[in-house]
Amino acid sequence: MTDDDAAEMIFESAQPLDPLTDSEQSNVKNRAKVGSARPSSLLYTYGVGSIMDLPQFSIMPAGLDDWEPIWRRRPTVPTIEEPRLLKVVQLHLGSRVQQLRPFPWQPKARAMSQEGSDLGIPARVFPQWLRCTGCDYLGPLSRFSYTNTHPFRPDLATFEHATCPGRTFAGAVKGKVKAPAKGKARRSPAVPARYLLACANGHLDEFPYALWVHRGRTCPAAAPHPNLKLRDSNIGQGAGAVITCERCQQRRGMGEAQGEAGKRKLPTCRGRHPHLNAFDPKCGLDTSLMMMGASNLWFASTQSIIVMPRSEEQKQTALATKLRTYLTPEELADYATLPKVLRSLLVANKCDIAGVTDEQLTAAAAEALAPPPSEEERRERLRDWDPVELLVPEWDYLQKPSLFAQQQDSSGLMVTEMPTAADLPKQVHRVIAVNRMKRVNAVIGFTRIDEMDRVNDLASRLVKLTRDGRPTWVPATEDRGEGIFLQLDETAVAAWEAQILPTALWRAHREAHRHNFSRRFSATAAQIDPDTRFPAPRYWLIHSLAHILIREMAMSCGYGAASLSERLYAWPATPDRPAAAGLLICTTASDSEGTLGGLVALSQPERLHGLLLDALRRAARCSSDPVCGQRTPRHGEDFLHGAACHCCSFASETSCERANRFLDRRFLLTLPTIDDERVPGFFGAIDVY
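Residues numbered from 1 in each chain as written. Predicted model: local features only at pLDDT ≥ 70, side-chain atom pairs only at ≥ 80, totals over all residues. Heavy atoms only, no water.

1. Things to note about the overall build of the protein chain
Thought 1: When its secondary structure is counted, the protein chain shows 18 helices and 23 strands.
Thought 2: Taken over 689 residues, the protein chain has a buried fraction of 51%.
Thought 3: The long-range share in the protein chain, meaning contacts at least 24 apart out of those at least 6 apart in sequence, stands at 70%.
Thought 4: For the protein chain, the accessible area works out to roughly 32,000 Å², and carbon and sulfur atoms hold 52% of it. (Helix = DSSP H or I, 4+ residues; strand = E, 2+ residues; numbered from the N terminus. Buried < 20%, exposed > 50% of the residue type's maximum accessible area, 1.4 Å probe, protein only. Contact = heavy atoms within 4.5 Å. Areas by Shrake-Rupley, 256 points an atom, 1.4 Å probe, with all protein chains shown as cover.)

2. Section: the pairing of strand β20 (residues 428-447)
Thought 1: Burial within β20 is extensive, with 17 of its 20 residues counted as buried.
Thought 2: Here strand β18 (residues 299-306) pairs with β20 via eight bridges, running antiparallel. The partner of Ile 306 across the bridge, within β20, is Arg 439.
Thought 3: As paired elements, strand β19 (residues 414-418) and β20 share five bridges and run antiparallel to each other. Paired with Met 418 across the two strands is Val 431, which belongs to β20.
Thought 4: Here β20 pairs with strand β21 (residues 473-488) via twelve bridges, running antiparallel. If you follow Ile 432 over to β21, its bridge partner there is Phe 485. (Pairing = 2+ DSSP bridges.)

3. Overview of the packing of aromatic side chains
Thought 1: Scanning all chains against the criterion turns up 26 aromatic pairs.
Thought 2: Taking the centre distance of 5.2 Å and the plane angle of 85° together, the rings of Phe 57 and Phe 159 count as edge-to-face. A residue pair is termed long-range when its members are at least 10 positions apart, and Phe 57 in the loop between β1 (52-53) and β2 (58-61) and Phe 159 in strand β8 (residues 158-164) qualify at 102 residues.
Thought 3: Owing to a relative accessible area of 2%, Phe 57 belongs among the buried residues under this scheme.
Thought 4: Ring geometry for Tyr 539 versus Phe 662: centroids 6.4 Å apart, planes at 85°, classification edge-to-face. With Tyr 539 in helix α17 (residues 537-553) and Phe 662 in the segment after α18 (605-619), this residue pair connects regions lying 123 residues apart in the sequence. In this pair, the class of Tyr 539 matches that of Phe 662, namely buried.
Thought 5: A connected cluster of aromatic rings, assembled from ring pairs, spans Trp 496, Trp 506, Phe 534, Tyr 539, Trp 540, Phe 662, Phe 667, Phe 682 and Phe 683. (Phe/Tyr/Trp six-rings, centres within 6.5 Å; stacked < 30°, edge-to-face > 60°.)

4. Here we look at the packing of helix α11 (residues 339-348) against helix α12 (residues 358-369)
The description of two packed helices rests on the angle between their axes and on the distance between the axes.
Thought 1: Two elements in contact, α11 and α12, have axes separated by 9 Å at closest approach and are oriented at 85°. The orientation of α11 with respect to α12, classified from their angle, is roughly perpendicular. Here Pro 339, Leu 342, Arg 343 and Leu 346 of α11 lie close against α12, whose contacting residues are Asp 358, Leu 361, Thr 362 and Ala 365.
Thought 2: The class makeup of the residues in the contact of α11 with α12 is five nonpolar, one polar and two charged. (Axes fitted to C-alpha atoms, helices over the stretch in contact; angles between N-to-C directions. Parallel < 35°, antiparallel > 145°, perpendicular 65-115°, else oblique. Nonpolar A, V, L, I, M, F, W, Y, C, P; charged D, E, K, R; others polar.)

5. Quick look at the packing of helix α5 (residues 83-93) against helix α9 (residues 312-326)
Thought 1: At their nearest, the axes of α5 and α9 sit 9 Å apart, and the two run at 65° to each other. Taken together, α5 and α9 sit at an angle that is classed as roughly perpendicular. Taking contact as the criterion, the partners of Pro 83, Arg 84, Leu 86 and Lys 87 in α5 are, on α9, Glu 313, Gln 314, Thr 317, Ala 318 and Thr 321.
Thought 2: Counted by class, the contact of α5 with α9 contains three nonpolar, three polar and three charged residues.

6. A look at the pattern of salt bridges
Thought 1: Per the counting criterion, the structure on display carries 38 salt bridges.
Thought 2: As a salt-bridge pair, Arg 430 and Glu 417 come within 2.7 Å of each other at their nearest N and O atoms. Here Glu 417 lies in strand β19 and Arg 430 lies in strand β20, a separation of 13 residues in the sequence.
Thought 3: Arg 430 gets classed as buried once you look at its relative accessible area, which sits at 9%.
Thought 4: Measuring nitrogen to oxygen at the nearest pair gives 3.3 Å for the salt bridge that ties Lys 438 to Glu 478. Taken together, the residues span a long stretch of sequence, with Lys 438 in strand β20 and Glu 478 in strand β21 at a distance of 40 residues.
Thought 5: The network of salt bridges with shared partners includes Asp 65, Asp 66, Arg 124 and Arg 467. (Salt bridge = Lys/Arg side-chain N within 4 Å of Asp/Glu carboxyl O.)

7. Some details on the confidence of the model for the protein chain
Thought 1: Considering every residue of the protein chain, the mean pLDDT works out to 86; 89% of them sit at 70 or more.
Thought 2: Of all secondary-structure elements in the protein chain, the lowest mean pLDDT belongs to helix α1 (residues 3-12), at 32, while α17 reaches the highest, 97.
Thought 3: Long-range and interchain partners of residues 1-14, a stretch whose pLDDT sits below 50, account for 41 contacts in this model, where long-range means more than four residues apart.
Thought 4: Note that pLDDT drops below 50 for residues 169-175; the model gives that stretch six contacts with residues more than four away or on any other chain. (pLDDT = per-residue confidence, 0-100.)

8. Brief notes about the state of the cysteines
Thought 1: Applying the stated rule across the entire model yields zero disulfides.
Thought 2: The thiol of Cys 645 is not disulfide-bonded; the next cysteine sulfur, from Cys 622, is found 3.4 Å away. (Disulfide = S-S within 2.5 Å.)

9. Describing the sheet that holds strand β10 (residues 195-198)
The strands making up a sheet are joined through hydrogen bonds of the backbone, oriented either antiparallel or parallel.
Thought 1: With antiparallel pairing, three strands are arranged side by side in an open sheet as β11-β10-β17. Across the chains shown, the open sheet's two edge strands, defined by having one partner strand only, are β11 (204-206) and β17 (288-291). Strand after strand, the sheet turns through a mean of 40° between neighbouring axes, direction not considered.
Thought 2: With three bridges connecting them, β10 and β11 associate as antiparallel partners.

10. A word on the nonpolar core
Thought 1: Among the nonpolar cores identified, the biggest contains 52 residues, and Leu 488, Leu 545, Leu 549, Met 553 and Leu 583 are the most heavily contacted of them.
Thought 2: For this core, the secondary-structure elements that each account for two or more residues are β20, β21, α15 (490-500), α16 (504-520), α17, β22 (565-571), β23 (580-589) and α18.
Thought 3: For this core, the element with the most residues is α17, which contributes ten residues.
Thought 4: Apart from the residues lying within four places of it in its own chain, the contact partners of Leu 583 are Ile 484, Phe 485, Leu 486, Ile 542, Leu 545, Ala 546, Leu 549, Arg 567, Leu 568 and Tyr 569.
Thought 5: Counting residues in hydrophobic clusters, the runner-up holds 35 residues, among them Val 48, Phe 446, Trp 473 and Val 474. (Core = buried A, V, L, I, M, F, W, Y, C linked by side-chain atoms within 4.5 Å.)

11. Focus on the environment of Pro 605
Thought 1: Counting through the fold element by element, Pro 605 comes out in helix α18.
Thought 2: Judged by relative accessible area, Pro 605 falls into the buried class, the value being 17%.
Thought 3: In this structure the C-alpha to C-alpha distance between Pro 605 and Thr 420, which are 185 residues apart in sequence, comes to 5.2 Å.
Thought 4: Sequence-distant contacts of Pro 605, that is, excluding residues within four places in its chain, are made with Met 418, Pro 419, Thr 420 and Ala 421.

12. Describing α5
Thought 1: Within α5, ten of the eleven residues are buried, which leaves it mostly tucked inside the rest of the structure.
Thought 2: Within α5 the residues assigned to the buried category are Pro 83, Arg 84, Leu 85, Leu 86, Val 88, Val 89, Gln 90, Leu 91, His 92 and Leu 93.
Thought 3: Following α5 by one or two positions, Gly 94 adopts a phi angle in the positive range, close to 110°.

13. Regarding unusual backbone geometry
Thought 1: The amide bond that connects Phe 126 to the next residue, Pro 127, takes the cis arrangement and shows omega of 0°.
Thought 2: With respect to the helices, strands and loops of the structure, Pro 127 is situated in the loop between β4 (123-125) and β5 (129-132).
Thought 3: Cis geometry marks the peptide bond from Asp 625 to Pro 626; its omega dihedral reads 5°.
Thought 4: One can find Pro 626 in the segment after α18.
Thought 5: The backbone phi angle of Phe 662 is positive, close to 65°, even though this residue is not glycine.
Thought 6: On the basis of relative accessibility, which here comes to 1%, the residue Phe 662 falls in the buried class.

If you want it as structure tokens, here you go:
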């Protein structure tokens, strides 16, 4: 078997993808490992269906169907038990989802040891059209040879053009390359051809280079396999490449495919899902030219919660999930009223049920046998679902200090009510040190071209993770860390909010949001009233406060600003839930047992007092003032921030839950103004020294 065949078997097999088994069956010792990534990046940046750049080529993590052979390498599959998050995932993807699973990974005892070498995330090479760096030859994956022979150097895995003739001598004279000796070929590395086609339904496809250069026809001199070359004279300046057919000498620039006029020249979508190696039968939407690395190529749809002490109902739900996981439906039906038999079966499957009584086991079995909600009921609940529902239980728990005595149970949560300094601004009502915490994150899908404001806005645009669209589990991570929770005085927030609502500044922000919403979510939220998604003034206030605190805390806590993240509890009162006004600044890590305590130490009264005052003083002025301090959206503008910029308020994308939107320092402090309206800041005016 040649290197070409091995590469195709590993990355293009129509059967479930199992690279390690495939390479073992090859005559060539072809190491399957091609790279690594942190769990957080696999969840938010390089998840299923995204394009991940490796040193020599790019790959796409495969769908969950192809993960199953990887899991079968272990006698038991590890799971993350969190009933509250699992219910949310089931609401979005259906009741078939019964597990949250970590990524298949095992730590190594030493750098060169082999533990976990049989685990990993299967991936396909994508794009599968490559360009030779030696002669600009453009062709499919099968025309290049693949080598990956070093067990501890996955970065050496590469595709090569084994018969590269090199460029013409004229190019060599200019110093670009050294011309090979006449009649001799060389092995030149190949890189991905960076042009793709995408549609709003989440399909992604190779650019049809052969059809493009021949304007929809076959090559008259070499059908069906023309000899193409891709030459790029202005790298980094958009679609400036030119495709040339060496057989018939036809040429066509990629610039013709750009813009609205270019979209009319592109083929309609054929429904390809490269991560599933499958096609949807019907799509037919217009396609758009997409570049590798484009920011709108992949948007992760994830949900996360902070793990809290479980109620009796949640414990029963978790036990019912275990029963459904480890027992067959027949065993569950036959022994539902026989707790001793159920216990024996669970112990035989190495399931930990220490401390579970027979009554609890019987009740959980009855819940496990109960029929799930109908598909119509699930869709109706999904239409009315609000992401705030994930935050309400956390807010309610933090409002009950009597529960804090349960310190560090299996949830991993440890919080301490802290005293406040006498001269701390009275607008800060409570301070809670989050000594230890655990956050669980799950991915439920992704979108392309258009990000959805909420996951449930248009379920048909959420790209499926399995071929049948009905997964039984989803990838998840557990992050451990620490944080500080600040709660603002609700009476003061409500009074300030009433002052903000009638201001011209607030009207300008609302109009800008309407314009921005219709533009950003045009393909996924056409039927949604943008005013229902416009955050209340308290959200702008708490969000702005979180950002200035993150910037200030990063100078004292020992963690970089990009390691700190916000979790905002900011919503007005409704008939279903009381008002909330608070924020959690935390740092978490998925690849360690926790953090070092530098952040939670800032919750000490004297340190927090100085930190908050310093943050407010820094926010009172910006090096971009007065431009920043007076920024207000005008007619036709759609930016979603006011007096905020990279110099004073913006945070990294890993820290902010809203991509630096809904920020305005004027809601924190009363800043100087040049117009007739003076917007009252929540903390009033502050001396700047």
